[in-house]
Amino acid sequence: MSDQCIFCEIVKGNIPCAKIFEDDQVLSFLDIGPLSPGHCLLISKKHYARLEHCPADLTAALASRLGPIAQAVITAVNAPGYNILNNNHPCAGQLVEHVHFHIIPRNPNDGLFGNWPADKYPAGEMERIQQKITDSLAI
Ligand code: 5GP
Ligand code: ZN
């Protein structure tokens, strides 16, 4: 727990939330600033700032709940699709530094998340980065 963290305050019950689901490791509730109706968050109950800090069993617990919650959300709001979003570090848009996943219902032509500006690797660059990543991988 962190006293400075708004999601820890929600876990402790000090700040109310529109709860959807909880078990001993995770909590899901509606995002207070929805990108679309039904936009939910799934958070760890224990405070970790980023996904790379989360122990594997907690990451697995979070992942195991995403599909069923997403199914319930899109059924409830009658949306034909959804995005799962997990921001890590401020440069990636993480405002609340407590691990969480967004479940964002999507509709055709809703104007959210246009096509991303995909690039191409120059010759040899993909293999160079592949090698650097595999050299750094601690699993
Ligand atoms: P991030 O940008 O860190 O990935 O997303 C944080 C999310 O938390 C935002 O979508 C924001 O609307 C949501 N949020 C921030 N404070 C609260 C709160 O007090 N209650 C709820 N339900 N959501 C919050
Ligand atoms: Zn926290």
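This text follows the structure it describes.
It should be emphasised that the depicted structure is a prediction, and the values quoted were computed from it without experimental measurement. (Residues numbered from 1 in each chain as written. Chains lettered and ligands numbered in written order. Predicted model: local features only at pLDDT ≥ 70, side-chain atom pairs only at ≥ 80, totals over all residues. Heavy atoms only, no water.)

Around ligand 1 sit 16 residues, and of these Asp 31, Gly 93, Leu 95, His 100 and His 102 come closest. Asp 31 places a side-chain nitrogen or oxygen 2.5 Å from an oxygen atom of ligand 1. Here a nitrogen atom of ligand 1 and a backbone polar atom of Ile 32 are 3.3 Å apart. Broken down by secondary-structure element, the contributors of at least two residues to the shell around ligand 1 are α1 (6–12), β2 (26–30) and β5 (100–106). Ranked by residues supplied to the shell around ligand 1, first place goes to α1 with 3 residues. (Near = heavy atom within 4 Å. Polar contact = N/O pair within 3.5 Å; in protein donor to acceptor, adjacent residues only side chain to side chain. Helix = DSSP H or I, 4+ residues; strand = E, 2+ residues; numbered from the N terminus.)

Paired through their backbone hydrogen bonds, the strands of a sheet run either parallel or antiparallel. If you walk across this open sheet you meet the 5 strands as β1-β2-β3-β5-β4, and the pairing is antiparallel. Edge positions in the sheet fall to β1 (19–22) and β4 (81–85), since each of these pairs with one other strand and no more. Going across the sheet, the axis of each strand differs from the next one's by a mean of 15°, ignoring polarity. Bridging between β4 and β5 involves 5 bridges; their strand directions are antiparallel. Bridge pairing in β5 links Leu 85 to His 102. (Pairing = 2+ DSSP bridges. Axes fitted to C-alpha atoms, helices over the stretch in contact; angles between N-to-C directions.)

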